[in-house]
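Fold and geometry: a report
Chain by chain, the residues:
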Amino acid sequence: MADNAASIRVVVVGAGPGGYAAAFHAADLGMQVTLVDPEEAPGGVCLYRGCIPSKALLHVARLLNETRDAAECGLRFTRPLIDVDQLRTWKQGVVSKLTGGLAQLSRKRNITQLHGRAKFIEPTRLVVIPAAGGAEQSVEFDFAIVSTGSRPATLPAAPAIGGRIMDSTSALELEDVPKSLLVVGGGYIGLELSTVYAALGSKVTIVEMTNGLLPGADRDLVDVLHKRLRNDVSEILLNTRVAEMTESPDKQGVRVKLMGIDMVEPVRTCSRVLVSVGRKPNSEGLGLENTRAKTDARGFIQVDGQRRTAEPTIFAIGDVVGEPMLAHKASHEARVAVEVIAGKSSVFEPQAIPAVVFTDPEVAWCGLTETSALAGTRPFKVLRFPWGASGRAATLARSDGLTKLVVDPRTERVLGVGIVGPGAGELIAEGALAIEMGARASDLKLTIHPHPTLTETVMEAAETFFGPSTHYFPRV
């Protein structure tokens with residue numbers, strides 16, 4: 001099939017990080033590619049309403065926090081004046097630059113772009129309903145790749161999103177900086193946006209229904225973040241649920257009734273509420289019922305290791321096929337699906353998919369977590385290097401971080417890596433590579449890392465497998 005790539009017609013539904021990566025790779029292999037998405041330029045939720053605008057605002061939050069924290073080093077700044085209109089314009093400029101660049105790359109690859117919503121009519125044909133209205137356009141294909149992503153989940157106790165009640169999409173529009181903000185959900189999206197609004201001046205309250213922030217992440221990593229967040233936000237309420245939520249009659253605030261352990265003040269009134277309780281797959285309305293493709297009880301499209309659905313001509317990738325809902329996971333799945341279509345031997349079987357929470361400090365992990373290891377039967381050993389022993393962390397006045405490795409005690413093989421601290425999202429790539437390459441603790445120990453850097457914490461964590469590291473003598 002690879003020799004006849006020019007005769008293969010591929011339609012990609014959804015132009016997010018998975019969709020445009022699939023379209024670009026298929027075009028690079030010589031296939032005839034059609035990319036369907038409501039937006040004028042590729043990018044999807046990630047570029048328009050997710051990863052990119054949130055990280056732009058988190059950069060601003062970091063700058064604001066650094067001006068405050070610099071007092072410890074003897075530098076005292078007056079509080080910065082925040083021009084919300086200019087901030088919003090700058091953020092949108094970042095988005096426009098990136099989406100515009102993707103549109104240009106798409107044109108250079110001669111990809112046909114159709115703007116609208118796709119619906120499958122049969123296993124090798126779909127129609128595109130134009131976003132701006134007009135006649136439907138029929139598209140026949142040999143293979144289709146569905147990458148329609150996800151959307152914010154709703155809260156039963158909350159009214160519809162709008163007005164003073166926001167989801168992540170409307171929160172990123174940054175209509176204003178509310179005097180007080182209640183964030184429902186202590187997952188990564190809720191915590192990232194809490195970081196942004198707190199830095200901009202909002203009095204933030206975080207409400208999480210479980211007994212800890214970032215459910216599923218290792219507690220020793222989360223504890224470092226939790227401790228710092230306590231200084232940045234007004235309240236963190238764990239084991240707490242929202243029982244009722246109503247906008248005030250004058251539309252100037254939101255009244256929220258909470259239920260929790262030892263709740264002293266169950267009713268709160270705040271300027272705005274952000275509902276961040278997860279995401280749902282965009283699998284409805286695709287016409288999958290006209291094919292053999294199936295969804296599970298939660299709406300995720302079911303696929304095999306090659307990302308093929310039960311319909312041989314239809315593949316699916318990204319958020320719409322399930323956790324983890326990460327852009328880089330979708331991009332990797334895109335390559336697998338396209339290579340399978342091209343007749344190559346390819347399967348989605350990563351040993352480590354890195355996850356990063358871009359709070360301050362950042363939290364990142366990949367591979368086997370300590371939490372998962374404790375729940376399993378596989379033998380493991382945890383190696384920790386606290387950043388209090390890092391010279392580079394000391395020069396940054398950020399010694400509260402931690403680097404940890406989960407290793408097989410028999411083979412030394414690195415099974416998982418977790419990091420909390422400034423720049424953890426950049427540092428975790430070494431961990432992902434180590435796991436994918438089957439590296440051992442001795443490999444990391446013997447790899448010369450530059451000094452003074454935070455990357456040395458990975459090397460010194462590995463050293464503790466054999467005893468004390470150069471700068472840290474672990475407790476027995």
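For the structure, check the block above.
So, on to the sheet that holds strand S15 (residues 272-275). If you walk across this open sheet you meet the five strands as S8-S15-S9-S10-S11, and the pairing is parallel. In this open sheet, the two edge strands, each paired with only one partner strand, are strand S8 (165-166) and strand S11 (235-237). Sheet topology places S8 next to S15; two bridges connect them, and they run parallel. Considered in S15, the bridge of Ile-165 is made with Val-273.

For the rest of this paragraph, the subject is the pattern of salt bridges. A full pass over the atoms with the stated rule returns 32 salt bridges. Between Arg-255 and Glu-244 there is a salt bridge; the shortest N-O distance is 3.9 Å. Taken together, the positions of Arg-255 in strand S13 (residues 254-260) and Glu-244 in strand S12 (residues 240-247) put the pair 11 residues apart, joining distant regions of the chain. Judged by its relative accessible area of 37%, Arg-255 falls in the partly exposed class. A salt bridge links Glu-265 to Arg-268; the shortest N-O distance between them is 3.9 Å. Given a relative accessible area of 45%, Glu-265 falls into the partly exposed group. Shared partners join several salt bridges into a network, and the residues in it are Arg-68, Asp-69, Arg-228, Asp-232, Asp-360, Arg-398 and Asp-400.

Within the secondary structure layout, Ser-54 lies in helix H3 (residues 51-69). By relative accessible area, Ser-54 is classed as buried at 7%. Spatially, the C-alpha atom of Ser-54 lies 8.4 Å from that of Val-196, the residues being 142 residues apart in sequence. Apart from residues no more than four positions distant in its own chain, Ser-54 is found in contact with Leu-172 and Glu-192. There is a polar contact of 2.8 Å between the side chain of Ser-54 and the backbone oxygen of Gly-50.

Burial along strand S14 (residues 267-270) is one-sided: the face carrying Arg-268 and Cys-270 is buried and the face carrying Val-267 and Thr-269 is not. Bridge count between S13 and S14: four bridges; the pairing is antiparallel. Counterpart to Val-256 in the pairing with S14 is Arg-268. Linking two consecutive strands that pair antiparallel, namely S13 and S14, is a turn of six residues; a positive phi of about 55 degrees is found at Asp-262 within it.

Quick look at the nonpolar core now. Of all hydrophobic cores here, the largest spans 38 residues; its most connected members are Tyr-197, Val-204 and Leu-214. Looking at this core, the elements that each hand over two or more residues are H3, helix H4 (84-108), helix H5 (168-172), strand S9 (180-184), helix H6 (188-200), strand S10 (203-207) and helix H7 (219-232). With eight residues, the single largest contributor to this core is H6. Apart from the residues lying within four places of it in its own chain, the contact partners of Leu-214 are Gly-186, Gly-187, Tyr-188, Leu-191, Arg-219, Val-222, Leu-225, Val-357 and Val-363. Tyr-20, Ala-23, Phe-315 and Val-338 belong to the second-largest nonpolar core, a separate cluster that totals 30 residues.

Buried residues dominate strand S1 (residues 9-13), accounting for four of its five residues. Bridge count for S1 against strand S2 (residues 32-37) is five bridges, and the pairing is parallel. Counted as the bridge partner of Val-11 is Thr-34 from S2. Chirality of the crossover, the property in question, places the unit of S1, helix H1 (residues 17-28) and S2 among those that are right-handed.

By the element assignment, Asp-37 lies in strand S2. For the buried Asp-37, which has no salt bridge, the nearest side chain bearing the opposite charge is Arg-49, at an N-O separation of 6.6 Å. For Asp-37, the side chain forms a polar contact with the main-chain nitrogen of Glu-39, separated by 3.0 Å. In this structure, Asp-37 is in contact with Gly-14, Ala-15, Leu-114, His-115 and Gly-116, ignoring residues within four places of it in sequence.

Here Gly-401 is to be found in the loop between helix H10 (391-395) and strand S21 (402-407). Classification of Gly-401 by relative accessible area gives buried; the value is 6%. Taking the C-alpha atoms as reference points, Gly-401 and Leu-174, 227 residues apart in sequence, are found 30 Å from one another. Dropping the residues within four chain positions of it, Gly-401 is found in contact with Pro-386, Trp-387, Val-420 and Gly-421.

Taking 1.5 Å per residue, 14 residues should reach 20 Å; H7 reaches 20 Å between its end C-alpha atoms and fits that length. Taken together, the buried positions of H7 are occupied by Leu-221, Val-222, Val-224, Leu-225, His-226, Arg-228, Leu-229 and Asp-232. Its buried side turned inward, H7 meets H3, H6, S11, strand S19 (362-367), S21 and strand S22 (414-421).

What follows covers H4. Its 25 residues give H4 an end-to-end C-alpha distance of 36 Å, which sits within 8% of 36 Å, the value for a rise of 1.5 Å per residue. Looking at the buried positions of H4, the neighbouring elements they touch are H1, helix H2 (44-49), H3, strand S3 (112-122), H5 and H6. Here H4 starts with a cap whose side-chain oxygen sits 3.2 Å from the backbone nitrogen of Asp-85, and that cap is Asp-83. Asn-110 sits one or two positions beyond H4 and adopts a positive phi of about 60 degrees.

What follows concerns the sheet that holds S22. Read from one edge to the other, the open sheet built from five strands follows the order S18-S19-S22-S21-S20, with strand pairing classed as antiparallel. For this open sheet the edge positions go to strand S18 (355-357) and strand S20 (381-386), each flanked by a neighbour on one side alone. Ignoring strand direction, the axes of neighbouring strands in this sheet form an average angle of 10 degrees. Direction of pairing for S21 relative to S22: antiparallel, over a ladder of six bridges. Bridge pairing in S22 links Lys-404 to Gly-418. Here H7 sits on the sheet in contact with S19, S20, S21 and S22, set at roughly 10 degrees to S22. Contacting S20 and S21, helix H13 (residues 456-463) crosses the sheet at an angle of about 45 degrees to S21.

Conventions and cut-offs
- Residues numbered from 1 in each chain as written.
- Predicted model: local features only at pLDDT ≥ 70, side-chain atom pairs only at ≥ 80, totals over all residues.
- Heavy atoms only, no water.
- Pairing = 2+ DSSP bridges.
- Helix = DSSP H or I, 4+ residues; strand = E, 2+ residues; numbered from the N terminus.
- Salt bridge = Lys/Arg side-chain N within 4 Å of Asp/Glu carboxyl O.
- Buried < 20%, exposed > 50% of the residue type's maximum accessible area, 1.4 Å probe, protein only.
- Contact = heavy atoms within 4.5 Å.
- Polar contact = N/O pair within 3.5 Å; in protein donor to acceptor, adjacent residues only side chain to side chain.
- Core = buried A, V, L, I, M, F, W, Y, C linked by side-chain atoms within 4.5 Å.
- Right-handed = clockwise from strand over helix to strand, strands pointing away.
- Lys, Arg positive; Asp, Glu negative; His and termini not counted.
- Expected span 1.5 Å × (residues − 1).
- Axes fitted to C-alpha atoms, helices over the stretch in contact; angles between N-to-C directions.

Read these as layout, nothing more, since geometry by itself doesn't imply function.
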